[in-house]
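Analysis of the macromolecular model
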Amino acid sequence: MFSSVTFWCEFPEKVNWKAFQKLIDFDSSVYVISKDRKTYEAWKKKIKSRNIEVGAWPALSFEEGYWFSGLCSKQSIDKLKEFNGLKIKIDLEPPKRLVTYSKLAGIAYALEYFLFRSYHNSSYLEETIYDLSRTTDIIVSGYPFPRRLSRRYGGDVKSNKNIRKNYFIYTSFFSSPIKEWLNSYYRKFIKERLKEEGERAMFALGCIGHGIYGNEPVYRNVGEFDYDLQMLNELCVKNLVVFEVSGIMNRSNPKEWINAIKEYLK
């Protein structure tokens, strides 16, 4: 059973927050994408609820890469320091470069950015995150890759008392027979991370709604989501993360998606 539930929110302007608050009758966290601290504070005030703790999800402009990686300039990486003292989540991913998502474009992107690019500021990014963690609670979020690959772009930040790690388990991107193979990989990966990091490790399920590209594959129905919830529950994952709030609220029946989560709460 899950002991914590965290939601990512990439499009807070698309959410009916009063309706969402009515659905959430359990303790949870929502991390809202924010270009700066002022934006975060405005969303925190709007979302205020006794059941929802609001954290910040720092993001860059598209020109800067949107997500954080060793390809970002030091000036862009330094923007994280503005969020000092807050609860934040940092996406550690190669930069946003595709206009829209497609499998073919995604493969080309992966080959270029995961294998061939030189990430000259990866060490600076890691140092900045470690320094920030002295006063800031941080979730570093990234792909479920082997560490050797993640290390290249700055995605292998080690956890400490103020740094927790979250991994994308986005099964909606794939279909059979690849999906069956990946589910086996995901299970093995999750077991390894739980063994190394303990119950503090976090795992994000998705996608319930589209991401920044606007056309990423999503769950066809709540049953597919429930199948993944069962997988995490069977593996004794304690910290569930869900992508993302506007996707839930734009479904025909948002309540059934929240109820699916509640079935696995302590």
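Refer to the structure printed above.
Only a predicted model underlies this, so the values are computations on that prediction, with no experimental measurement involved.

Side note on the pattern of salt bridges
Counted under the stated rule, the structure contains 16 salt bridges. Measuring nitrogen to oxygen at the nearest pair gives 3.4 Å for the salt bridge that ties Arg134 to Asp131. For Asp131, a relative accessible area of 44% translates into the label partly exposed. One salt bridge in this structure joins Lys165 and Asp156, with 3.8 Å as the shortest N-O distance.

Looking at a nonpolar patch on the surface
Among the surface-exposed residues, Ile107, Leu111, Leu115 and Phe116 lie close enough to one another that they form a single nonpolar patch of about 440 Å² accessible area. Take Leu115: its relative accessible area is 46%, and that puts it in the partly exposed class.

Observations regarding helix α2 (residues 37–47)
Among all positions of α2, only Tyr40, Trp43 and Ile47 are buried. All buried residues of α2 fall inside an arc of 65° around its axis, so they share one side. Seen from the buried face of α2, the exposed residues on the opposite side, beyond 90 degrees, are Lys38, Lys45 and Lys46. On the buried face of α2, the contacting elements are α1 (17–23), β2 (28–34) and β3 (52–58).

Observations regarding the side chain of Thr136
For Thr136, the location among the structural elements is in the loop between α5 (122–132) and β5 (137–142). Assessed through its relative accessible area of 1%, Thr136 is described here as buried. At 2.8 Å, the side chain of Thr136 and the backbone nitrogen of Gly85 are in polar contact. Discounting residues that sit within four places of it in the chain, Thr136 has contacts with Phe83, Asn84, Gly85, Leu86, Ile88 and Asn162.

Description of the packing of aromatic side chains
Scanning the entire structure with this criterion turns up 23 aromatic pairs. Ring geometry for Trp8 versus Tyr31: centroids 5.6 Å apart, planes at 90°, classification edge-to-face. One end of the pair, Trp8, is in strand β1 (residues 4–9); the other, Tyr31, is in strand β2, with 23 residues separating them in the sequence. No difference in accessibility class separates Trp8 from Tyr31, as the two residues are buried. Taken together, Tyr143, Phe145, Phe168, Tyr170, Phe173, Phe174 and Phe243 form an aromatic cluster joined through their ring pairs. Sitting over the ring of Phe62, Lys96 keeps its end group 4.5 Å from the ring centre.

Observations concerning the environment of Asn84
Turning to its location among the elements, Asn84 is positioned in the loop between α3 (74–77) and β4 (87–91). Taking the relative accessible area as the measure of exposure, Asn84 reaches 36% and is therefore partly exposed. In this structure the C-alpha to C-alpha distance between Asn84 and Ser133, which are 49 residues apart in sequence, comes to 8.5 Å. A distance of 3.4 Å separates a polar atom in the side chain of Asn84 from a polar atom in the side chain of Thr136.

What counts, and where the lines are drawn
- Residues numbered from 1 in each chain as written.
- Predicted model: local features only at pLDDT ≥ 70, side-chain atom pairs only at ≥ 80, totals over all residues.
- Heavy atoms only, no water.
- Salt bridge = Lys/Arg side-chain N within 4 Å of Asp/Glu carboxyl O.
- Buried < 20%, exposed > 50% of the residue type's maximum accessible area, 1.4 Å probe, protein only.
- Patch = residues over 30% accessible without salt bridge, like charges linked within 9 Å, V, L, I, M, F, W, Y side chains within 5 Å.
- Areas by Shrake-Rupley, 256 points an atom, 1.4 Å probe, with all protein chains shown as cover.
- Helix = DSSP H or I, 4+ residues; strand = E, 2+ residues; numbered from the N terminus.
- Arc of directions from axis to C-beta.
- Contact = heavy atoms within 4.5 Å.
- Polar contact = N/O pair within 3.5 Å; in protein donor to acceptor, adjacent residues only side chain to side chain.
- Phe/Tyr/Trp six-rings, centres within 6.5 Å; stacked < 30°, edge-to-face > 60°.
- Lys NZ or Arg CZ within 6 Å of the ring centre and 35° of its normal.

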